[in-house]
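Residue strings, one per chain:
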Amino acid sequence: MNAQPAISIIGAPTDIGAGDRGASMGPEALRVANIVTTLEGQGLEVIDRGNLSGPANPWQPPVDGYRHLTEVVTWNRLVHEAVHAELVQGRFPILLGGDHCLGLGSISAVARHCREAKKKLRILWLDAHADFNTNILTPSGNLHGMPVACLCGKGPKELVEIGGHVPAISPKWIRQIGIRSVDAGEKRFVHEMDLEVFDMRYIDEMGMRHAMELALATLDVNTHLHVSFDVDFLDPDYAPGVGTTVMGGPTYREAQLCMEMIADTGRMGSLDVMELNPALDVRNRTAEVAVDLIGSLFGKSTLMRK
Ligand SMILES: [Mn+2]
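Criteria and thresholds
Residues numbered from 1 in each chain as written. Predicted model: local features only at pLDDT ≥ 70, side-chain atom pairs only at ≥ 80, totals over all residues. Helix = DSSP H or I, 4+ residues; strand = E, 2+ residues; numbered from the N terminus. Rg over C-alpha atoms; globule rule 2.2 N^0.38 Å. Buried ≥ 20, exposed ≤ 12 C-beta atoms within 10 Å, placed from the backbone. Contact = placed C-beta atoms within 7 Å. Axes fitted to C-alpha atoms, helices over the stretch in contact; angles between N-to-C directions. Parallel < 35°, antiparallel > 145°, perpendicular 65-115°, else oblique. Nonpolar A, V, L, I, M, F, W, Y, C, P; charged D, E, K, R; others polar. Expected span 1.5 Å × (residues − 1). Arc of directions from axis to C-beta. Pairing = 2+ DSSP bridges. Right-handed = clockwise from strand over helix to strand, strands pointing away.

A. Structural detail: the overall build of the protein chain. Within the protein chain, the regular secondary structure consists of 10 helices and eight strands. Taking 306 residues into account, the globule formula puts the C-alpha radius of gyration at 19 Å, and the protein chain, at 17 Å, falls close to it. Based on the C-alpha atoms only, the size of the protein chain along its principal axes is roughly 55 × 45 × 40 Å. Split into buried and exposed, the 306 residues of the protein chain put 52% on the buried side. Of the contacts made within the protein chain by residues no fewer than 6 positions apart, 76% connect residues no fewer than 24 positions apart.

B. How the structure looks around the packing of helix α9 (residues 252-265) against helix α10 (residues 285-297). Close contact between α9 and α10 brings their axes to 7 Å; oriented N to C, the two are set at 30°. Viewed along their axes, α9 and α10 adopt a mutual orientation that is roughly parallel. Residues Ala255, Gln256, Met259, Glu260, Ile262 and Ala263 of α9 form the contact with α10, whose own contacting residues are Leu293, Ser296 and Leu297. Residue composition of the contact of α9 with α10, by class: six nonpolar, two polar and one charged.

C. Geometry of α9. In this model α9 runs 21 Å from its N-terminal to its C-terminal C-alpha over 14 residues, within 8% of the 20 Å that 1.5 Å per residue would give. Listed in full, the buried residues belonging to α9 are Ala255, Cys258, Met259 and Ile262. For α9, the angular spread of buried residues about the axis comes to 90°, placing them on one side. Tucked into the core, α9 has its buried residues touching β4 (120-126), β5 (174-179), α8 (200-215), β7 (223-230), β8 (268-274) and α10. Immediately downstream of α9, the backbone of Gly266 shows phi near 65°, a positive value.

D. Structural context of the sheet that holds strand β1 (residues 7-12). Ordered by their spatial adjacency, eight strands build an open sheet running β2-β1-β3-β8-β7-β4-β5-β6, and the pairing between neighbours is parallel. Where the open sheet ends on each side, the last strands, each with one partner, are β2 (46-51) and β6 (196-199). For this sheet the average axis-to-axis angle between neighbouring strands, irrespective of direction, equals 15°. The pairing of β1 with β2 spans four bridges and is classified as parallel. In the sheet register, Gly11 faces β2, and the bridge partner there is Asn51.

E. Region of the structure containing the pairing of β8. Most of β8 sits inside the fold, with seven of its seven residues counted as buried. Looking at chain direction, strand β3 (residues 92-97) and β8 are connected through three bridges and run parallel. Paired with Leu95 across the strands is Asp272, a residue of β8. Judged from the six bridges that link them, β7 and β8 form a sheet pairing that is parallel. Bridging across to β8, Leu225 finds its partner in Met268. In the classification by handedness, the crossover that spans β7, the intervening α9 and the parallel β8 is right-handed.

F. Here's a closer look at the pairing of β1. Counting buried residues in β1 gives six out of six residues, a clear majority hidden from the surface. Of the two faces of β1, the one lined by Ile7, Ile9 and Gly11 and the one lined by Ser8, Ile10 and Ala12 are each fully buried. By the bridge criterion, six bridges tie β1 to β3 in an arrangement that is parallel. Considered in β3, the bridge of Ile10 is made with Leu95.

G. The arrangement of unusual backbone geometry in detail. A cis amide bond links Gly97 to the next residue, Gly98, at an omega of 10°. Relative to the helices and strands, Gly98 is located in the loop between β3 and α4 (103-117). The residue after Val166, namely Pro167, is reached through a cis peptide bond having omega -5°. Positionally, Pro167 belongs in the loop between α6 (157-160) and β5. In this structure, Glu275 is a non-glycine residue whose phi angle is positive, near 75°.

H. Helix α3 (residues 69-88), seen in detail. For α3, spanning 20 residues, the distance from its first C-alpha to its last is 28 Å, which sits close to the expected 28 Å at 1.5 Å a residue. Positive backbone phi, at 75°, marks Gly90, one or two positions downstream of α3.

What follows is the structure in structure tokens.
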């Protein structure tokens with residue numbers, strides 16, 4: 001196991017790319033659910049950098065298949081610079097969303113850092129959705145359904161160019177887990193781009209353990225592992241506080257195993273916690289579940305393991 005990293009928490013309080021208002025309150029709900037003291041209680045050094053400040057949500061209809069593109073670009077640039085600045089200092093950034101369109105700013109920053117530091121990159125995308133839409137394929141125009149496509153170079157110029165390298169990542173670097181809702185055109189595009197997806201049918205048939213063994217295979221000492229955790233990954237029975245619930249997700253125990261297996265690699269270097277929507281939650285329960293799982297991502301376990 002590596003020395004424990006020093007963590008920087010960055011809040012991005014916006015719902016600019018979402019189809020429901022409320023994810024803008026996500027960072028504060030995670031703080032109320034004791035994210036800082038939970039990590040400190042595990043012996044980690046944590047600095048809360050507070051929240052980024054970006055444009056308000058104008059709540060307009062889509063233009064050319066994109067809703068709020070200008071504001072989404074501004075927010076992603078802010079996130080990109082904030083995340084990159086932490087990585088340059090050798091710190092571990094945790095981005096508290098905010099909707100998942102910000103995964104673009106975060107992961108493009110991690111990819112830029114990996115290019116500069118000559119590291120390999122593996123991205124785990126824990127989500128009910130593939131987030132691989134384009135303005136042609138999207139039924140809604142909501143940019144939180146497009147960040148993975150943008151990272152792979154498929155999207156509007158001003159978004160795909162954030163980070164200075166197009167595409168920001170290769171589709172080969174990403175593993176999607178928990179997927180169970182993909183739009184019709186998006187489905188063909190995921191196939192065409194050859195994304196590696198462990199969908200719920202795969203997890204049902206083969207188990208979370210096998211899915212994670214494959215998703216984490218071939219990591220080496222020079223690999224930076226980024227986890228992009230969309231809280232709607234979890235079954236809505238456990239995590240109702242998200243805008244786009246899809247039934248049939250991983251159970252609490254399956255999610256714990258997923259997080260513990262990631263922790264066991266010792267390779268995780270950055271994390272996004274996205275789409276928590278306190279306006280739709282029940283007494284902050286989803287935030288508490290998310291913080292509990294984040295504890296497991298950083299190595300909390302029931303017993304000492306050999
Ligand atoms: Mn997502």
